[in-house]
Amino acid sequence: MTASLQHIAIIMDGNGRWAKARGLPRTEGHRQGAKTVTQILEAIQKRNIKYVTLYAFSTENWKRPPEEVSTLLNLFRQYLKEDLTQLQKNSVRIHFIGDRSKFPKDIQKEMNKLEYETCSCDKYHLVLALSYSGRDELTRAVTKVALQVKKGLLSPSDISEKTIEKELDTIGIPNPDLMIRTSGEQRISNFLLWQLAYSEMYFSSVYWPDFTEEELDKAIEAYKSRDRRFGGIK
Ligand code: FPP
């Protein structure tokens, strides 16, 4: 039986190497990568896959040279204000995961606005991981649980997986079925550490700016041939 596929999570890697291979500045790789985001999102929705999560900026990415960070922030700004506003018309609910307090105020405002304006859409969901890392998310979640214990609202013996899940940025979003990483690297790199526990992994050697609908289909085909047991037996 073919496993159902309702959520794809993607680590969009290789923008810098794509640019370097062409003698271009790294920032050009990010610009091209932003165009790929639009194309792949459309392709995923065309295939009736309801949820997509994109790792667009990690908590560690703040350490990159200021001009690269600034280019990325401008790309996000433009994407939120233009492309995502357009997406709303297609019934896409937009979610942001990560520590948004690190972003300039105008970007935070745009994030809050998009989440609010799309909160009743349910046909498709786009989750953008921005200033995100799995360890940071878990640390923030555990802190909130500890505060509930301190206030006497929760007993340590009542803490379950559900207690933690309720405090994660991804509350209400199903776990990814398939995680794709581009550029040949085979690591999780602090992405969705809790949520990927039983996800299938697919590693593509293609750099993100070169990732196409055909490459996406290769990942989906590979996923369909996997035997998901979630720790059980069949
Ligand atoms: C990883 O490649 C990619 C990033 C850190 C940024 C991802 C951003 C985009 C795809 C463009 C903008 C996104 C949106 C949502 C508009 P890398 O720079 O680490 O590449 P390298 O490993 O080859 O150096």
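These numbers come from a predicted model, not from an experiment.

Analysis parameters
Every chain's residues receive numbers from 1 upward, in the order its sequence appears when written. With the structure being a predicted model, the display of local features is reserved for residues of pLDDT at least 70 and the display and counting of side-chain atom pairs for 80 or more, all residues being used for whole-chain, interface and lining totals. Where side-chain values are given, they derive from all heavy atoms of the structure, hydrogens and water being excluded. We call a residue near a given molecule or strand whenever any one of its heavy atoms falls within 4 Å of it. The term polar contact refers here to a pair of N or O atoms within 3.5 Å; inside protein, the definition further demands a hydrogen-donor-capable atom paired with an acceptor-capable atom, and it admits residues adjacent in sequence only when both atoms are side-chain atoms. To measure how exposed things are, a 1.4 Å probe is used in the Shrake-Rupley method; for residues, cover is taken only from the protein chains shown. A pocket here means an open set of points on a 1 Å grid, computed over the protein atoms alone, that has protein on both sides within 12 Å along at least five of seven lines. A cavity is instead a set of points where a 1.4 Å probe fits but cannot get out; residues with an atom within 4 Å of a point line either one. Being in a pocket or cavity means that more than half of the molecule's atoms lie within 2 Å of its grid points. Each helix is a run of H or I in the DSSP string that is no shorter than four residues. Each strand is a run of E no shorter than two, and both are numbered from the N terminus. Note on exposure labels: buried denotes an accessible area under 20% of the residue type's maximum, exposed denotes more than 50%, and partly exposed covers the range between, all computed with a 1.4 Å probe on protein chains only. Contacts are assigned to residue pairs that have any heavy atoms within 4.5 Å of one another.

On to the site of the ligand, then. Residues in close proximity to the ligand total 17 residues, the closest being Asp13, Gly16, Arg17, Arg26 and Arg64. In the environment of the ligand, an oxygen atom lies 3.1 Å from a nitrogen or oxygen atom belonging to the side chain of Asp13. One of the backbone nitrogen or oxygen atoms of Asn15 is found 3.2 Å away from an oxygen atom of the ligand. In the complex, the protein chains occlude 92% of the 630 Å² of accessible area that the ligand would expose alone. Its atoms largely coinciding with the cavity grid, the ligand occupies the largest pocket. The leading source of residues in the shell around the ligand is helix H2 (residues 26–46), at 4 residues.

In this structure, Val206 sits in the loop between strand E6 (200–203) and helix H7 (213–224). Residue Val206 is classed as buried on the basis of its relative accessible area, which comes to 18%. For the pair Val206 and Val127, spaced 79 residues apart in the sequence, the C-alpha separation amounts to 23 Å. Val206 has contacts with Thr182, Ser183, Phe211 and Glu215, leaving out every residue within four places of it along the chain.

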